Amino acid sequence: MHISTKYQNLSLSFSSSISPLIDEFDAINLAEGFTGFHCNPELIQLVEKHLREGLNQLAPYEGEMALREKLATKTEALYGRVYDAEHEVTVTAGAAQAMFTAISALVKEGDEVIVFEPANEYCVPAIEMNGGQAVFVPMKEPDYHIDWEEVQMMITTQTRMIIINTPHHPTGWVMKEIDMLRLQRIINGTKIIILSEETFEHIVFDGESHQSVSLYPKLAERSIVISSFGETYHVTGWQIGYCLAPAEIMKEFRQVHQVMLQSVNSPFQLALADYLDRKEEYQKLREFYQKRRDYFLELMEGSKLIPLKTQGTFFQLFSFSEVSEEKDKDFVIRLIKEFGVAVMPISAFCHEKSKKRIIRINFAKPDEVLKEAAHRLSHL
């Protein structure tokens, strides 16, 4: 039977395509975006508590009010922005669902959306599936910063949205105050909406600070903030995220959200609401991951791979220009087959074939895993 394809340009992400290969060669998986650490046992106990209490029915589609209130309180304390828990905070099934919902709610046929590359694998498909057009702006090497003058030139009457991501994955670049002010100036007097993914807000290194759009009133009034609990509490598999936005934008978001899913897991939401009172759990992430980054870079000193500076997230970029002239995807596949280590090529995050010989490695893994991976990579 021949079945016509509705979305002919969609294909498996590169990470999905290499999963069978990783399994076949029993490779150390430093390619995927999940952490290798267990969450605090106290969080598990809180989940068990709410399960035993029988709180297993559907939560409100907007999310449990207890969790939304805690998120509003936390955001005000960190960034000074007051979000109304009733109308401006929504719990989602992870950050990816929140991103897709926001794009579906606000991007229509013919709209242009500015995307900075490298970019998350799920952004462009969401734009195209909703009839929008992605307008690609390459980030500038070697630190992968944004050239705001170039952005200004890309703005047209059709520009509906600009998607930002800070701390930026896969590159580890962190937006500064000057970047936010330049962005604020660009959208001033327009109807452009900012979609800001801030999943790694607590993982920033070397004295840098996270510049949330919530810190800037003129940006915040035209922005949607997306974040997640997975990276903060080592529970990426729980797939619970959230969205913050002014009421008029959130109203549009929720119209789509409520038909995409009935509810996000209620006992887990309630457990997270209780756990948010433990501020030290997210406050200590900066030091925890900076030590892991530095430890991994020390392990990799014997390798021919050249590290690029990372200011946040738990990803580290390396150049393999002194190792091979292969295309990055070919190099990654060879690493899996010959060295038993899986990483991600930078071209997996770009719409065009890249000649850059750069790979991304996830260092959010236990010491023994990083040691073995570095040992294998030292033989390149």
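Just above, that's the structure.
About the criteria used
Residues numbered from 1 in each chain as written. Predicted model: local features only at pLDDT ≥ 70, side-chain atom pairs only at ≥ 80, totals over all residues. Heavy atoms only, no water. Helix = DSSP H or I, 4+ residues; strand = E, 2+ residues; numbered from the N terminus. Rg over C-alpha atoms; globule rule 2.2 N^0.38 Å. Contact = heavy atoms within 4.5 Å. Axes fitted to C-alpha atoms, helices over the stretch in contact; angles between N-to-C directions. Parallel < 35°, antiparallel > 145°, perpendicular 65-115°, else oblique. Left-handed = near helix turned anticlockwise from the far one by under 90°. Nonpolar A, V, L, I, M, F, W, Y, C, P; charged D, E, K, R; others polar. Salt bridge = Lys/Arg side-chain N within 4 Å of Asp/Glu carboxyl O. Buried < 20%, exposed > 50% of the residue type's maximum accessible area, 1.4 Å probe, protein only. Phe/Tyr/Trp six-rings, centres within 6.5 Å; stacked < 30°, edge-to-face > 60°. Lys NZ or Arg CZ within 6 Å of the ring centre and 35° of its normal. Core = buried A, V, L, I, M, F, W, Y, C linked by side-chain atoms within 4.5 Å. Pairing = 2+ DSSP bridges. Right-handed = clockwise from strand over helix to strand, strands pointing away. Polar contact = N/O pair within 3.5 Å; in protein donor to acceptor, adjacent residues only side chain to side chain.

**Q** Please explain the overall build of the protein as it appears in this structure.
**A** Looking only at helices and strands, the protein has 15 helices and 13 strands in total. Here the protein has a C-alpha radius of gyration of 21 Å; the compact-globule value for 380 residues is 21 Å, and the two agree. Oriented by its inertia axes, the alpha-carbon framework of the protein measures out at about 60 × 55 × 55 Å. When contacts within the protein are restricted to residue pairs at least 6 apart in sequence, long-range pairs at least 24 apart make up 75% of them.

**Q** Help me understand the packing of helix H13 (residues 285-299) against helix H15 (residues 367-377) in this model?
**A** Working note: a packed helix pair is described by the angle between its axes plus the distance between those axes. Relative to each other, H13 and H15 sit at 30°, their axes nearing to 9 Å. The orientation of H13 with respect to H15, classified from their angle, is roughly parallel. Relative to H15, the crossing made by H13 is right-handed. Note on element contacts: H15 touches H13 through Asp367, Leu370, Lys371 and Ala374, opposite Arg292, Tyr295, Phe296 and Leu299. A per-class count over the contact of H13 with H15 returns five nonpolar, no polar and three charged.

**Q** I would appreciate a short explanation of the pattern of salt bridges in the present structure.
**A** Should their charged atoms come close, side chains of opposite charge can pair. Summed over the entire model, instances satisfying the criterion amount to 15 salt bridges. A salt bridge links Arg278 to Glu42, with the shortest nitrogen-to-oxygen separation between them at 2.9 Å. Placement of the pair is Arg278 in the loop between helix H11 (266-275) and helix H12 (279-283) and Glu42 in helix H2 (residues 41-52), with a sequence separation of 236 residues. A relative accessible area of 23% places Arg278 in the partly exposed class. For Arg293, the salt bridge is made with Asp294, and the minimal N-O distance between the two is 2.9 Å. When its relative accessible area of 8% is taken as the criterion, Arg293 is described as buried. One salt-bridge network, held together by shared partners, links Asp206, Arg293 and Asp294.

**Q** Any chance you could explain the packing of aromatic side chains here in plain terms?
**A** Throughout the structure, instances matching the rule amount to 14 aromatic pairs. On the numbers, 5.5 Å between centres and 40° between planes, the contact of Tyr289 with Phe314 is tilted. Note that Tyr289 is positioned in helix H13 and Phe314 in the loop between strand S9 (306-307) and strand S10 (315-319), a separation of 25 residues in sequence. Both residues of the pair, Tyr289 and Phe314, belong to the buried class. Summarising the aromatic geometry, the rings of Phe320 and Phe331 are spaced 4.0 Å apart at their centres and angled 10° between planes, so their arrangement reads as stacked. Placement of Phe320 in the loop between S10 and helix H14 (328-339) and of Phe331 in helix H14 is noted, with a sequence separation of eleven residues between them. Summarising the burial analysis for this pair, Phe320 and Phe331 share the class buried. Put simply, the rings of Phe37, Phe200, Phe288, Tyr289, Phe314 and Phe315 touch in pairs and so form one group of aromatic residues. The ring of Tyr282 carries the charged tip of Lys74 above its face, separated from the ring centre by 4.4 Å. Taking the ring centre of Phe315 as reference, the NZ or CZ of Arg360 above it sits at 3.8 Å.

**Q** Would you explain the nonpolar core in this entry?
**A** Among soluble globular proteins, nonpolar side chains are generally buried collectively. Formed by 96 residues in total, the largest nonpolar core has its most connected members in Phe116, Ile162 and Ile359. Once residues within four sequence positions are removed from consideration, Phe116 is found in contact with Val137, Met139, Ile146, Trp148, Val151, Ile162, Ile163, Ile164 and His168. Judged by nonpolar contacts, the second largest core, of 28 residues, contains Ala105, Ile127, Ala134 and Met250.

**Q** What's the story with the sheet that holds strand S12 (residues 344-345) in this structure? I'm lost.
**A** The strands making up a sheet associate through hydrogen bonds between their backbones, and the pairing can be parallel or antiparallel. Taken in spatial order, the four strands line up as S9-S10-S13-S12 in an open sheet, and their pairing is antiparallel. Each edge of the open sheet is held by one strand with a lone partner, namely S9 and S12. Here two bridges tie S12 to strand S13 (residues 358-362), and the two strands are oriented antiparallel to one another. Counterpart to Met344 in the pairing with S13 is Arg360.

**Q** Would you mind showing me how to read the pairing of strand S6 (residues 193-197) here?
**A** One face of the sheet, then the other: side chains in a regular strand alternate in exactly this way. When you tally the buried positions in S6, you get five out of five residues, the bulk of the element. Each parallel crossover has a hand, and for strand S5 (residues 159-165) linked through helix H7 (residues 177-187) to S6 it is right-handed. Across four bridges, S6 lies against strand S7 (residues 223-228) in parallel orientation. Residue pairing in the sheet places Ser196 in a bridge with Val225 of S7.

**Q** For this particular structure, what's the right way to read the side chain of Asn362?
**A** Within the element layout of this structure, Asn362 appears in strand S13. Since its relative accessible area comes to 0%, Asn362 is described here as buried. Among the polar contacts listed, one links the side chain of Asn362 to the backbone oxygen of Phe34, at a separation of 2.9 Å. A distance of 2.7 Å separates a polar atom in the side chain of Asn362 from the backbone nitrogen of Ala364. When sequence neighbours within four positions are dropped, the list of residues in contact with Asn362 reads Leu30, Glu32, Gly33, Phe34, Phe314, Phe315 and Leu370.

**Q** Looking at this structure, I do not really get the pairing of S10. What am I missing?
**A** Within S10, five of the five residues are buried, which leaves it mostly tucked inside the rest of the structure. Alternating residues of S10 divide into Phe315, Leu317 and Ser319 and Gln316 and Phe318, and every residue in both groups is buried. Where S10 and S13 come together, five bridges link them in antiparallel fashion. Paired with Phe318 across the strands is Ile359, a residue of S13.

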